[in-house]
Amino acid sequence: MTVEPCLTWQKCPDGYEITSLRNNDQEYFIVPKSHRLESFYPLKSHSALLKQLSGISTKRGFNQFANFNGLLSHPARPEPIQAWFQAATEMREASFKAENYDFDQLTGYFKSNNKNFLNIELEYENQTPKFVTKIGSLKDGMWWQFTQSLTNKHSFERCSLCFTWFTVGQGTGRRRRTLNTKHSFCSPKHQGRYKYLQRDNE
């Protein structure tokens, strides 16, 4: 059964900033810089969002992630930095278990942490039925994307130019890096750019 993701998310085109609210300097939040919001499709523009966030462990890093992808749980509501640290830690643990093929523990982890983010519905488009999973937040979408990568036996590689994680394997449009290849690239454009910069440095 093929299930298509359905996540239209919103982010502030003016970016995000870190601030303390309620006159409490010990509690920080990531908040939009304005009330403007624009819609986009994060799961289509990035194939390894969970892997990307799992590698971040600083407030500045979380803020940069929000600038590109929006907030985790609500498009406009101020989000505690602590929630970002917790999400990144959970995703890092899950990613580590997957990389070590520890699927028994990974299964237990999903059950114990209530990762029930799938709401599958049947829709019709041009008289063609299809299953669609309704995803309610960016964070849930990241978990869904991660589980799809596991079930489809995709691997994760990191671009040598922009350091963005992406998936490789059948169905992704990208081949896995061979043993004698030193670098991976998220796009032919970045591969060409990297080679150009390497020539300039010689």
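Anything mentioned here points back to the structure above.
In this text the structure is predicted, and so the values were computed from the model without any measurement. (Residues numbered from 1 in each chain as written. Predicted model: local features only at pLDDT ≥ 70, side-chain atom pairs only at ≥ 80, totals over all residues. Heavy atoms only, no water.)

Participant: Looking at this structure, how should I read the overall build of the protein chain?
Facilitator: Looking only at helices and strands, the protein chain features seven helices and ten strands. In the protein chain, the proportion of contacts linking residues at least 24 apart, taken out of those at least 6 apart, comes to 60%. Just so you have it, the protein chain exposes about 12900 Å², and 47% of that area is on carbon and sulfur atoms. (Helix = DSSP H or I, 4+ residues; strand = E, 2+ residues; numbered from the N terminus. Contact = heavy atoms within 4.5 Å. Areas by Shrake-Rupley, 256 points an atom, 1.4 Å probe, with all protein chains shown as cover.)

Participant: I keep staring at the pairing of strand S9 (residues 155–158) and nothing clicks. Help me out?
Facilitator: Look at any regular strand and the pattern is simple: side chains alternate between the two faces of the sheet. Where S9 lies against strand S10 (residues 165–168), four bridges are found, and the strand directions are antiparallel. Note on S10: the bridge partner recorded for Arg 158 is Trp 165. Connecting the antiparallel pair S9 and S10 is a turn made up of six residues, with Phe 163 showing a positive phi of about 65°. (Pairing = 2+ DSSP bridges.)

Participant: Hey, could you run me through the state of the cysteines in this one?
Facilitator: One way to say it: the disulfide is the covalent bond shared by the sulfur atoms of two cysteines. Applying the stated rule across the entire model yields zero disulfides. Free cysteine Cys 186: the closest other cysteine sulfur is in Cys 159, separated by 3.8 Å. (Disulfide = S-S within 2.5 Å.)

Participant: I would appreciate a short explanation of the sheet that holds strand S3 (residues 16–20) in the present structure.
Facilitator: Within a beta sheet, neighbouring strands are joined by backbone hydrogen bonds and run either parallel or antiparallel to one another. If you trace the three strands from one edge of the open sheet to the other, you get S3-S4-S6, paired in antiparallel fashion. The open sheet has two edge strands, S3 and strand S6 (79–80), and neither has a second partner. The pairing of S3 with strand S4 (residues 28–32) spans five bridges and is antiparallel. Paired with Thr 19 across the strands is Phe 29, a residue of S4. Helix H3 (residues 59–69) rests against S3 and S4 of the sheet, and its axis sits at about 140° to S3. (Axes fitted to C-alpha atoms, helices over the stretch in contact; angles between N-to-C directions.)

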